[in-house]
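This is what each chain is made of:
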Amino acid sequence: MELLGKFLVFFAVYGTLQYLFSERKRTTKDGQVQPRRRAVIRTAATAALAGTLFILFMEVIDLF
């Protein structure tokens, strides 16, 4: 349960920062800002991957 809590906190913080500073301003090939739905999906995917790696490196590998 502690790992899930750490993951959710990391996911929320990292996802928020990723969206605010990167995805919100990303442009398409046409030079227009990408749709909000695509930005949120990309942010969630990136935050989930980063959260998984965070838990892996901080908790699982820490066992050794």
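Anything mentioned here points back to the structure above.
Residues numbered from 1 in each chain as written. Predicted model: local features only at pLDDT ≥ 70, side-chain atom pairs only at ≥ 80, totals over all residues. Heavy atoms only, no water.

A closer look at the pattern of salt bridges
Two side chains that carry opposite charge are able to pair once their charged atoms sit near each other.
Argument step 1. All told, the structure shown has 3 salt bridges when counted by the stated rule.
Argument step 2. E2 serves as the salt-bridge partner of K6, at 3.4 Å between the closest nitrogen and oxygen. Of this pair, K6 and E2 both sit in helix α1 (residues 2-21), 4 residues apart, which is roughly one turn of the helix.
Argument step 3. Across the salt bridge formed by R26 and E23, the nearest N and O atoms sit 3.1 Å from each other.
Argument step 4. Accessibility expressed as a relative area gives 2% for E23, which makes it buried.
Argument step 5. Among the charged side chains, a salt-bridge network with shared partners connects E23, R26 and R42. (Salt bridge = Lys/Arg side-chain N within 4 Å of Asp/Glu carboxyl O. Helix = DSSP H or I, 4+ residues; strand = E, 2+ residues; numbered from the N terminus. Buried < 20%, exposed > 50% of the residue type's maximum accessible area, 1.4 Å probe, protein only.)

Describing the environment of Y14
Argument step 1. With respect to the helices and strands, the residue Y14 is situated in helix α1.
Argument step 2. Y14 sits in the partly exposed class, given a relative accessible area of 30%.
Argument step 3. In this structure, the C-alpha to C-alpha distance between Y14 and A48, residues 34 residues apart in sequence, is 9.2 Å.
Argument step 4. Setting aside anything within four residues of it in sequence, one finds Y14 in contact with T46, A47 and A50. (Contact = heavy atoms within 4.5 Å.)

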